[in-house]
Number of protein chains: 2
Amino acid sequence: MKPTYKFPRLDRRAMLSALTLLPALPMLLPVSATGQIAAGDSLPSWNDTATKKAVVSFVERVTKQGSPDFVPQAERIATFDNDGTLWAEQPMYFQLLFALYRVKVLAPQHPEWANEEPFGSLLKGDVKGALAGGEPAIAKIVMVTHTGMTDAEFEQIVSDWIATAKHPVTGRLYTEMVYQPMLELVAYLRANSFNNFIVSGGGIEFMRPWTDKVYGIPPEKVVGSSVKTKFEIRDGKAVLLRMPELNFIDDGPGKPVGINAHIGRRPIAAFGNSDGDMQMLQYTTGGAGARFGLLVHHTDAEREWAYDRKSSVGKLDKALDAAPGAGWTVVDMKNDWKTIFSGVK
Amino acid sequence: MKPTYKFPRLDRRAMLSALTLLPALPMLLPVSATGQIAAGDSLPSWNDTATKKAVVSFVERVTKQGSPDFVPQAERIATFDNDGTLWAEQPMYFQLLFALYRVKVLAPQHPEWANEEPFGSLLKGDVKGALAGGEPAIAKIVMVTHTGMTDAEFEQIVSDWIATAKHPVTGRLYTEMVYQPMLELVAYLRANSFNNFIVSGGGIEFMRPWTDKVYGIPPEKVVGSSVKTKFEIRDGKAVLLRMPELNFIDDGPGKPVGINAHIGRRPIAAFGNSDGDMQMLQYTTGGAGARFGLLVHHTDAEREWAYDRKSSVGKLDKALDAAPGAGWTVVDMKNDWKTIFSGVK
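Just so you know, these numbers come straight off a predicted model, no measurement behind them.

This next bit is on the relation of the copies chain A and chain B. Each copy superposes on the other: chain A lies on chain B with an RMSD of 0.0 Å after a rotation of 180° and an axial shift of 0.0 Å. The operation mapping one copy onto its partner corresponds to a two-fold rotation axis. Scanning chain A for the C-alpha nearest the rotation axis identifies His262 of chain A, at a separation of 3.1 Å. Mapped onto chain B, 100% of the interface residues of chain A are again interface residues, and the two copies thus contact each other with one and the same surface.

And the structure:
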């Protein structure tokens, strides 16, 4: 059995006190290593609780030939939120940490930023001050770091960052902060001929460079928030430019819209962790036949973070209230999961 | 060998003279039966010309282990335009014929249409007069027939129409007006582990109800033009409403944008027939490594239609000029294809 990883709690608290002012921003986001499944039990990191039984029971019912709940393979669509569902999201969305890093990298080309908020504060190391500007400040940071280059250039930037950047609290690669039980679940569904998609509020092009390696979910099965892109012939080459204009926010009521746009079928199973996933779960479990909705509840302050109704990141309030009536399964991380992170050796 | 199907030429001319005033509208579109592949030759409806050889040579080069042009399976993305590439598009885009039909069905609920253009002319049988209003008139027709219902309701409307509606010139089901050689090509690529997508100017939700049955391309691999949708809880049920607002035009420079949004990888092969496909071919063949671009040139006035530079539907002018320099293969339908339509028994 893997050892339990403990967070350095003081560091975490210091980070949180500096950063919890962050507004819940629906366009930021993040991964791990493909889960190896032990023979005989596809979900070895799940305790044998009612939660695990609910998952297994659903999968068995929809995959068993002759079952009244049987669903043909082509219709076994499962959608997964990313931040807080497949990987962690504290002390802030990892995509925002990426954006802050990129501001520092780009600063030498922008001497004017010294006197321009939120960049001035950020470059002085005052993250709290920089983010005190709320969503407009964050939008500014995201746009200067996420647009103005080709899609191929942005892919390279993300790939370089994800390969080396370390989480400010744990000091580990972001791809080592993926939840091992969820990796097992993704693999278990795939083994049962489910078609797995990510449906995240995070940037679609921020996820695609690494989701196949980490989750086994390829670029064409990633749905997310996006900026507009523009086709151009540049120096004789056909390229797509990333424009500083929002295209789509894949969060809240946007998730069913994104699902329909990209997949064109109503999922039969959906996995989330916050109020931003509520409409995805309503849309999924509102269809006819057997359906499954699941919320990951962050209850483990020792091994991860404990937060829900009052968190500025991954707020879980209305969806938690709705869960019992809607028949959604709620994961109690502390009691349902043996292991939390995939990257813990 | 299948008998050659001959069009009733006078009927066709009559239709064309009434309808060629149609502006090239980038949001209208359409299918067949899954091609059965003869053993020993995956492309039996293709004559043994340089065109067929170019297709086969490309596929062999990218699929052969150890070949300098080898492409891993996951990256074998192929994109197909629909109108004029996979099925016919004369005398007008089939989706527009669907819209005109729906106006008639809906008319009893709209007595005011009698005095409102373009509906008044349309209901009097004056299609030419109705469409003389150009794009605004067509947009009006499309919006009243394509929006205001849930996505599930629209899917049912399209499914009912495609199962029974007949083409005004040939009198055949629209799904029998798919090109047999292209069905074979789609199946041939699939057999070689290509991941086939439709990338069409037509409506994404107009295509999805039938593309799997006809081309073997499921809903999640269909990219097209779209209207905005909105998530709602209606009578306690989670639904998506189709709104009378354009969301995306998947045509011309929009095709690379749509490809990137939905697939997230640059295709290695792209198939089109008009100037609206030019940027898709530029984007596809502009990537590194072995690439393939193909244009279907409608040259067969006896068995189908002959049109290119001056056609209001499926205009092929700039892309035809660009083909030799870009290394794109051009299908001469008359000489390269033994059979045209899949539905001819």
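From this point on, the discussion continues.
Our focus in this paragraph is the layout of surface pockets. Approximately 960 Å³ is the volume found for the largest pocket. Together, 38 residues line the largest pocket, and Ser226, Asn247 and Phe248 of chain A together with Asn247 and Phe248 of chain B are the ones closest to its centre. Elements represented by at least two residues in the lining of the largest pocket include exactly helix H9 (204-215), strand S3 (222-234), strand S4 (237-248) and helix H10 (254-262) of chain A together with helix H9 (204-215), strand S3 (222-234), strand S4 (237-248) and helix H10 (254-262) of chain B. Tallying contributions element by element places S3 of chain A first for the lining of the largest pocket, with seven residues. Looking at the lining of the largest pocket residue by residue, the classes come out as 14 nonpolar, 16 polar and eight charged.

It is worth spelling out unusual backbone geometry at this point. Cis geometry marks the peptide bond from Gln90 of chain A to Pro91 of chain A; its omega dihedral reads 0°. One non-glycine residue with positive phi stands out, namely Ser193 of chain A, at about 60°.

So, on to the sheet that holds strand S6 (residues 292-297) of chain B. Residues and elements named next belong to chain B. In space, the seven strands of this open sheet follow the order S4-S3-S2-S1-S5-S6-S7, with mixed pairing throughout. Of all strands in the sheet, those bounded by a partner on one side alone are S4 and strand S7 (329-332). Averaged over all adjacent pairs, the angle separating strand axes in this sheet is 30°, with direction ignored. Pairing analysis gives three bridges linking strand S1 (residues 77-80) to strand S5 (residues 269-272), with the strands arranged parallel. Residue pairing for S5: Thr79 is matched across the bridge by Ala270. Strand contacts of H10: S1, strand S2 (195-203), S3 and S4, with the helix running at about 130° to S2, the strand carrying the most contacts.

Contact residues are listed per partner, giving 30 residues for chain A and 30 residues for chain B. For the pair chain A and chain B, the summed buried area comes to about 2,400 Å², and 50% of that belongs to carbon and sulfur atoms. Summed over the three residues of chain A that lose the most area to chain B, namely Glu220, Phe231 and Asn260 of chain A, the buried surface amounts to 23% of that side. Ionic pairing is found between Glu220 of chain A and Arg265 of chain B, a salt bridge with its closest N-O pair at 3.1 Å. Applying the counting rule to chain A against chain B returns 16 residue pairs in polar contact (both at pLDDT 80 or more). Counting residues per element, the ones that place at least two in the side of chain A that touches chain B are strand S2 (195-203), H9, S3, S4, H10 and helix H11 (278-285) of chain A. Residue contributions to the side of chain A that touches chain B peak at five residues, all from H10 of chain A. Here the side of chain A that touches chain B is composed, by residue class, of 15 nonpolar, seven polar and eight charged.

The periodicity of an α-helix, 3.6 residues per turn, causes residues three or four positions apart to be oriented the same way. Counting buried positions along H10 of chain B gives eight out of nine residues, so the element sits mostly inside the fold. Where H10 of chain B is concerned, the buried positions are Gly254, Lys255, Pro256, Val257, Gly258, Ile259, Asn260 and His262 of chain B.

Residue and element names in this part refer to chain A. Judged by how many residues are buried, S2 sits mostly within the fold: nine of nine residues are covered. Sheet topology note: the strand S1 (residues 77-80)/S2 ladder contains four bridges and is parallel. Across the sheet, Phe80 pairs through a bridge with Ile198, a residue of S2. Pairing of S2 with S3, which is carried by three bridges, proceeds in the parallel orientation. Looking at S3, one finds that Gly203 is bridged to Ser225.

A complete count under the given rule lists 24 salt bridges over all chains for this structure. A salt bridge links Asp69 of chain A to Arg61 of chain A, with the shortest nitrogen-to-oxygen separation between them at 3.1 Å. A relative accessible area of 24% places Asp69 of chain A in the partly exposed class. Assessed through its relative accessible area of 35%, Arg61 of chain A is described here as partly exposed. A salt bridge links Asp321 of chain B to Arg309 of chain B, with the shortest nitrogen-to-oxygen separation between them at 3.0 Å.

Reading the values: rules and limits
Residues numbered from 1 in each chain as written. Chains lettered and ligands numbered in written order. Predicted model: local features only at pLDDT ≥ 70, side-chain atom pairs only at ≥ 80, totals over all residues. Heavy atoms only, no water. Least-squares fit on C-alpha atoms with pLDDT ≥ 70 in both. Contact = heavy atoms within 4.5 Å. 1 Å grid on protein atoms, 1.4 Å probe; cavity = no way out; pocket = protein on both sides within 12 Å on 5 of 7 lines; lining within 4 Å. Points joined across faces, edges and corners; volume = space filled by probe spheres on them. Helix = DSSP H or I, 4+ residues; strand = E, 2+ residues; numbered from the N terminus. Nonpolar A, V, L, I, M, F, W, Y, C, P; charged D, E, K, R; others polar. Pairing = 2+ DSSP bridges. Axes fitted to C-alpha atoms, helices over the stretch in contact; angles between N-to-C directions. Buried area = accessible area lost by both parts, 1.4 Å probe. Salt bridge = Lys/Arg side-chain N within 4 Å of Asp/Glu carboxyl O. Polar contact = N/O pair within 3.5 Å; in protein donor to acceptor, adjacent residues only side chain to side chain. Buried < 20%, exposed > 50% of the residue type's maximum accessible area, 1.4 Å probe, protein only.

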